[in-house]
Amino acid sequence: MSKERARRRAEREAEQERARAARARRVARRERRRSLVRRLTPSLRRGRTARLRRHTRRERATILVLTAVAVVGIWSLVDDLALRLVLVALLLLVLPAIVVIALDRR
C-alpha cells in the first residue's frame, strides 16, 4: 500500500512540476513579448508641466515668420526711427498675448 501511495505521490509531483515548468514558459514568453512591444512602441514624451506651453514646430515657425513680416512691415512703412523702435518693442511685448489668443491656449 505504501509503495502505491509513494508512486502516486511521485506521479502527482511530476505532474505538478510539468505544470510549473509550462507556466514558467508561458510567463517568460509573455514577458519577452511585453518587452519587445515596449521596445518597438515609441515612448510618449511628456511636455512641460509648467505654465509655459510647448508649441509644435509648425506653430513656432508660423509665429516667427509672422513676427518677422510685421517687423519688416514696420521698418518699411514707418519713416521715423524712434517710432519704428517703439512699434517693434510694442510688438514684442504684445506678441505673447497675440499667440495665446491666436492659438487658443489656456
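If you're wondering where the values come from, they're calculated on a predicted model, not measured in any experiment.

(A) Spatial organisation of the side chain of Thr-67. Topologically, Thr-67 is positioned in helix H2 (residues 57–77). Setting aside residues no more than four positions away along its own chain, Thr-67 makes contact with Leu-91, Leu-92 and Leu-95.

(B) Structural detail: the pattern of salt bridges. Throughout the structure, instances matching the rule amount to 6 salt bridges. The closest approach of N and O atoms between Glu-4 and Arg-8, which form a salt bridge, is 3.7 Å. Taken as a pair, Glu-4 and Arg-8 lie in helix H1 (residues 2–40) at a separation of 4 residues, close to a single helical turn. Exposure remark for Arg-8: the relative accessible area of 40% places this residue in the partly exposed category. The partner of Glu-11 in a salt bridge is Arg-7, and the shortest N-O contact between them spans 2.5 Å. Pair noted here: Glu-11 and Arg-7 are both in helix H1, with a separation of 4 residues, about one helical turn. Under the relative-accessibility criterion, Glu-11 is labelled partly exposed at 44%. Salt bridges here are not isolated pairs; linked through shared partners, they connect Glu-4, Arg-7, Arg-8 and Glu-11.

(C) Representation of a nonpolar patch on the surface. Together, Leu-83, Val-86, Leu-87, Leu-90, Leu-93, Val-94 and Ile-98 make up an exposed nonpolar region whose accessible area comes to about 600 Å². Tracing the backbone shows Leu-87 in helix H3 (residues 81–103). For Leu-87, a relative accessible area of 30% puts it in the partly exposed group.

Parameters and conventions
- Residues numbered from 1 in each chain as written.
- Predicted model: local features only at pLDDT ≥ 70, side-chain atom pairs only at ≥ 80, totals over all residues.
- Heavy atoms only, no water.
- Helix = DSSP H or I, 4+ residues; strand = E, 2+ residues; numbered from the N terminus.
- Contact = heavy atoms within 4.5 Å.
- Salt bridge = Lys/Arg side-chain N within 4 Å of Asp/Glu carboxyl O.
- Buried < 20%, exposed > 50% of the residue type's maximum accessible area, 1.4 Å probe, protein only.
- Patch = residues over 30% accessible without salt bridge, like charges linked within 9 Å, V, L, I, M, F, W, Y side chains within 5 Å.
- Areas by Shrake-Rupley, 256 points an atom, 1.4 Å probe, with all protein chains shown as cover.

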